[in-house]
Amino acid sequence: MSVRARIPLARPLTGEEELAEIREVLESGHLSQGPKTGEFEGMVAQVAGTTFALATSSCTTALHLSLVALGVGPGDEVLVPDFTFPATANVVIQCGARPVLVDIDLATYNVDPDELTKHLTSRTRAVIPVHLFGLAAEMDAVTAFAREHGLRVIEDAACALGASYRGRPCGSFGEVGCFSFHARKVVTTGEGGMVVTSRPELVERLQVLRSHGGVRRDERFLFGEAGFNYRLSDIHAAVGVAQMRRLGDIVARRRALAARYRSALDGMAGITPPSEPEGSSHVYQAFVALLDPGIDRDAVVAGMRAHAVETTIGTYALHDQPFFRRDYGYTGAELPRSHRAFLGTLALPLYPAMDEGDVDAVVRSLEQVLATVS
C-alpha cells in the first residue's frame, strides 16, 4: 500500500501573518537591516535566555563572525563534532584555523565529551558543540572541559531554537550561540541566522565586524578593519517575527508528531528511533532514526520515494568527505560512530502541517520497505 499523497521531508509553516509583516516593511520603505531586525533580535534573545542577539545572513556567517570576534585564527585548532553539516568546520577553515574532528555518542548523534580530551593539543583554542537535529549536546561536560583547558565555547545551535538542557536554553551556555533560520529549521526566515550572547564586551565587536568593520562617527563611518557584510534585511526579519510568535505552537506540534513516530517505531525490526535523554527537551528539527547494520540506507530512501515519501540521510561524517580526506589526511572510517551514523541514519518527514494520518502512512511505508531490503 502506498501513501495517500506525496509527503515531503519538510515544509515551512507560513501564512497571512508573514505576509502582513512583510507588507509592513515594504510600506515603511526601510528594507535593509533596521527596526524589524531589532524586534526579531529581541524575540530570539528572550527565547535563548541571553542578553543580546545579532541577526546575520545565515548561521554559517553567525559562526564565522563569532570565531573572528573571539580571536580564533591561523595556527589555532578548534574541536568540532565529525557528524555535522560541513559549515560547522568550514567556518574554522575560513578563519585560517584547523578543525579537529571528534567522534560522537551514537545514542544522541552529538559530540562525545569523553572524546574531546583525545584531540586536545597546545594549539586548541575553542570547541564548537552542535545541538544536532534539535537535541542539546551534553553541555555540563563540554563546558567543564572547556573551563579546565581555557577554551572558548561556540554553540552551533542551528537546529535548536527552543531546545533546552537541564532547564537552560540552548545557545546560552557558551560565549556565543548561533542559530539558523533556513527553510528546514524550526523557525525560518528563508535564509538567516543569529548570534546570541550575554557578554557585553563581545557585542560591539560583533556589531562592527557584521557591518564591514565600520564604526559610525558624525554621520559617516570610520573603517578600522576589514569586516564583513553579514547583516539580515528587515524583509527577512519580518518573516522571523511572525514565526517567533508561533514558536511555542510549532515546537509543541513537532514534539507531538515525534512522539507518535517513536511509539510506532519502538519495537519495529531494523530501526531505532532517536533518543531524548532525561533533562533535555528535543525540538525535533529533524526526526532522524538509525537503521540496523547491514541495511542499505540509500535503498531505503529509494524505496520510500517509490511510496511517494521523501526521506534523506541524517547528515555528514566530515572525515569521510573528499575535502577532509584530501586536505587533512583522513582515509575514512577513523571515527567509527560518526561513520556508522553517516551510513545508517534516516531522516523521516516531520513538519507542523503533517497530521497523524501522514505519520501513520510514513510508518506503514517504512515497514514495507524495510521488509524488502533487510
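Every value quoted in this text rests on a predicted model; they were computed, and no experiment measured them.

Asks: Can you help me understand the pattern of salt bridges in this one?
Replies: Throughout the structure, instances matching the rule amount to 25 salt bridges. Look at the salt bridges and you will find they share partners, linking Glu21, Glu24, Lys36, Glu39 and Arg245 into a network.

Asks: Would you take a moment to explain the packing of helix 2 (residues 35–48) against helix 8 (residues 234–245) for this structure?
Replies: How two helices sit against one another is set out by the angle between their axes and by the gap between those axes. The interhelical angle for the contact between helix 2 and helix 8, taken along N-to-C directions, is 35 degrees, at an axis separation of 8 Å. Classified by chirality, the crossing of helix 8 by helix 2 is left-handed. Residues Pro35, Lys36, Thr37, Glu39, Phe40, Met43, Val44 and Val47 of helix 2 form the contact with helix 8, whose own contacting residues are Asp234, Ala237, Ala238, Gly240, Val241, Met244 and Arg245.

Asks: Sorry if this is basic, but what is going on with helix 13 (residues 356–373) here?
Replies: For the α-helix, the turn length of 3.6 residues means that residues three or four positions removed from each other point alike. Under the 1.5 Å per step criterion, the end-to-end length of helix 13 is 26 Å for 18 residues, consistent within 8% with the ideal 26 Å. Within the sequence span of helix 13, burial applies to Asp358, Val359, Ala361, Val362, Val363, Ser365, Leu366, Val369 and Leu370. The N-terminus of helix 13 is capped by aspartate 355, whose side-chain oxygen sits 3.0 Å from the backbone nitrogen of glycine 357.

Asks: Hey, could you run me through the packing of aromatic side chains in this one?
Replies: Aromatic ring pairs are defined here through the distance separating the ring centres and the angle between the ring planes. Summed over all chains, the structure comprises 14 aromatic pairs. Each ring, one from tyrosine 165 and one from phenylalanine 173, has its centre 5.9 Å from the other, and the planes form 70 degrees; the classification is edge-to-face. Here the two residues tyrosine 165 and phenylalanine 173 agree in accessibility, since each one is buried. Measuring from ring centre to ring centre gives 5.9 Å for phenylalanine 323 and tyrosine 328, while their planes differ by 70 degrees; the resulting arrangement is edge-to-face. What makes tyrosine 328 buried here is its relative accessible area of 18%. Three or more aromatic residues joined by ring pairs form one cluster here, namely Phe83, Tyr109 and Phe133. Taking the ring centre of phenylalanine 173 as reference, the NZ or CZ of arginine 168 above it sits at 4.4 Å.

Criteria and cut-off values
Residues numbered from 1 in each chain as written. Predicted model: local features only at pLDDT ≥ 70, side-chain atom pairs only at ≥ 80, totals over all residues. Heavy atoms only, no water. Salt bridge = Lys/Arg side-chain N within 4 Å of Asp/Glu carboxyl O. Axes fitted to C-alpha atoms, helices over the stretch in contact; angles between N-to-C directions. Helix = DSSP H or I, 4+ residues; strand = E, 2+ residues; numbered from the N terminus. Left-handed = near helix turned anticlockwise from the far one by under 90°. Contact = heavy atoms within 4.5 Å. Expected span 1.5 Å × (residues − 1). Buried < 20%, exposed > 50% of the residue type's maximum accessible area, 1.4 Å probe, protein only. Polar contact = N/O pair within 3.5 Å; in protein donor to acceptor, adjacent residues only side chain to side chain. Phe/Tyr/Trp six-rings, centres within 6.5 Å; stacked < 30°, edge-to-face > 60°. Lys NZ or Arg CZ within 6 Å of the ring centre and 35° of its normal.

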